[in-house]
Amino acid sequence: MSLTIAFDLDGTLIDSVPQIADCVNAALSHHGIAPLPQQKVQGFVGRGLPALVRQVVAEVGLSESETTPLHDRILALYSEVETPLSALYPGVSAALGVLRDQGHSLAICTNKPHEATLKCLADTGLALTFDRVIGGDSLPTRKPDPAMLHAALDGAPRPLYVGDSETDAETAQAAGVPFLLFTEGYRKSPVEALPHTASFRSFADLPRLVALQSSSV
C-alpha cells in the first residue's frame, strides 16, 4: 500500500553546505570578515536560516544589530545560488523515481527558505517529483515544531518522514510519525542517540525500507 513520504532537503537529499557557506561568506565579506570554514557552517545548519544567522553573528563577534541586515543579505544570495546536480547524494534521483513509480506521494519538509527550496529543486531536476513543498518560512514555526511536518504530510493516514539530523528525529517524534534516518548527512550525534524506525547510508536501500514500512502499517 502506498505511503505519503516527507523528505528533509539539506543533508538528506542534497549536500548543500558548499552553497550555504558561499552565501554566508559573501555576506560576511561586506563586514571585512574572513570566511568561515565549511565545517563550521555545517554545524549551524538544521534549524533554519534565522537560527544559522544568529550563530554566525555570535561566531564572528558582530553586534546583534547586524543580525537582520546579515540575514537579509544571506537570504538574497541564497535565493539565487545555483545548486549543481553533483550536490545530490548518490542514488537520490533513482530512489525517488522508484518510490513515485510505486505510487507513493512525496513531499518536502525543510527549514530551508521556500523560494530557495524551489530553486534548488528546479536546479537538480526534482521540481516535479514532489506533491507539496513546505519551506522554513511557509509557516510561522519551523522544525522541530511538528506543524511543518503535518502540513507536508497533509493529513495522510499512512505517513513516513525521511531526514538526517537531530532536528528531523525530534520533529518526527513530536509529530508521531515513523522516521527513517539517513546517516550520511549533517547529524552531530551517534545514530543510536537519535530515535528512528530504521537507518540507511545508501539511497539504494531506501525503496526496500519504505516497502517494509508500507507492509507494517
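Here, the structure is the one placed above.
Residues numbered from 1 in each chain as written. Predicted model: local features only at pLDDT ≥ 70, side-chain atom pairs only at ≥ 80, totals over all residues. Heavy atoms only, no water.

## Description of the pattern of salt bridges
Formally: Salt bridges are defined by distance alone: a side-chain nitrogen of Lys or Arg within 4 Å of a carboxyl oxygen of Asp or Glu. A run of H or I in DSSP becomes a helix once it reaches four residues, and a run of E becomes a strand once it reaches two; helices and strands are each numbered from the N terminus. The rule is simple: take the accessible area with a 1.4 Å probe, protein chains only, and divide by the maximum for that residue type; under 20% is buried, over 50% is exposed, in between is partly exposed.
The full count for this structure, using the stated rule, is eight salt bridges. Residue D8 is joined to K143 by a salt bridge in which the shortest nitrogen-to-oxygen separation is 2.9 Å. With D8 in the loop between β1 (4–7) and α1 (17–29) and K143 in the loop between β3 (132–134) and α7 (147–153), the pair connects residues that are 135 residues apart, well separated along the chain. K143 shares its class with D8; the two are buried. Three or more residues joined by partner-sharing salt bridges are found here, namely D8, K143 and D168.

## What to know about the sheet that holds strand β5 (residues 179–182)
Two modes of strand pairing occur in sheets, parallel and antiparallel, and in both the strands are linked by backbone hydrogen bonds. Put simply, the test is: Any two strands with at least two DSSP bridges between them are considered paired. To obtain an axis, a line is fitted to C-alpha atoms, over the contacting stretch when the element is a helix, and the angle between two such axes runs from 0 to 180 degrees between their N-to-C directions.
Across the sheet, six strands lie side by side as β3-β2-β1-β4-β5-β6; this open sheet has parallel pairing. In this open sheet, the two edge strands, each paired with only one partner strand, are β3 and β6 (198–200). For this sheet, the mean inter-axis angle between neighbouring strands, taken without regard to orientation, is 20°. The sheet contact formed by β1 and strand β2 (residues 105–109) spans four bridges and is parallel.

## A look at the pairing of β1
Where burial is concerned, the two faces of β1 agree: the one with T4 and A6 and the one with I5 and F7 are both buried. Here β1 runs beside strand β4 (residues 159–163); their pairing, made up of four bridges, is parallel. Each bridged residue has a counterpart across the sheet, and for T4 the counterpart in β4 is P159.

## With respect to the packing of aromatic side chains
Inclusion rule: Note on ring pairs: Phe, Tyr and Trp rings are taken, using the six-membered ring of Trp, and paired if centres are within 6.5 Å. Classes follow the plane angle, with under 30 degrees stacked, over 60 edge-to-face and the rest tilted.
What the rule picks out here adds up to six aromatic pairs. Ring centres of F200 and F203 lie 5.2 Å apart, and the angle between their planes is 85°; on these two criteria the pair is classed as edge-to-face. The two residues F200 and F203 agree in class, both being buried.

Remember that the coordinates give geometry; whether it matters functionally is a separate question.
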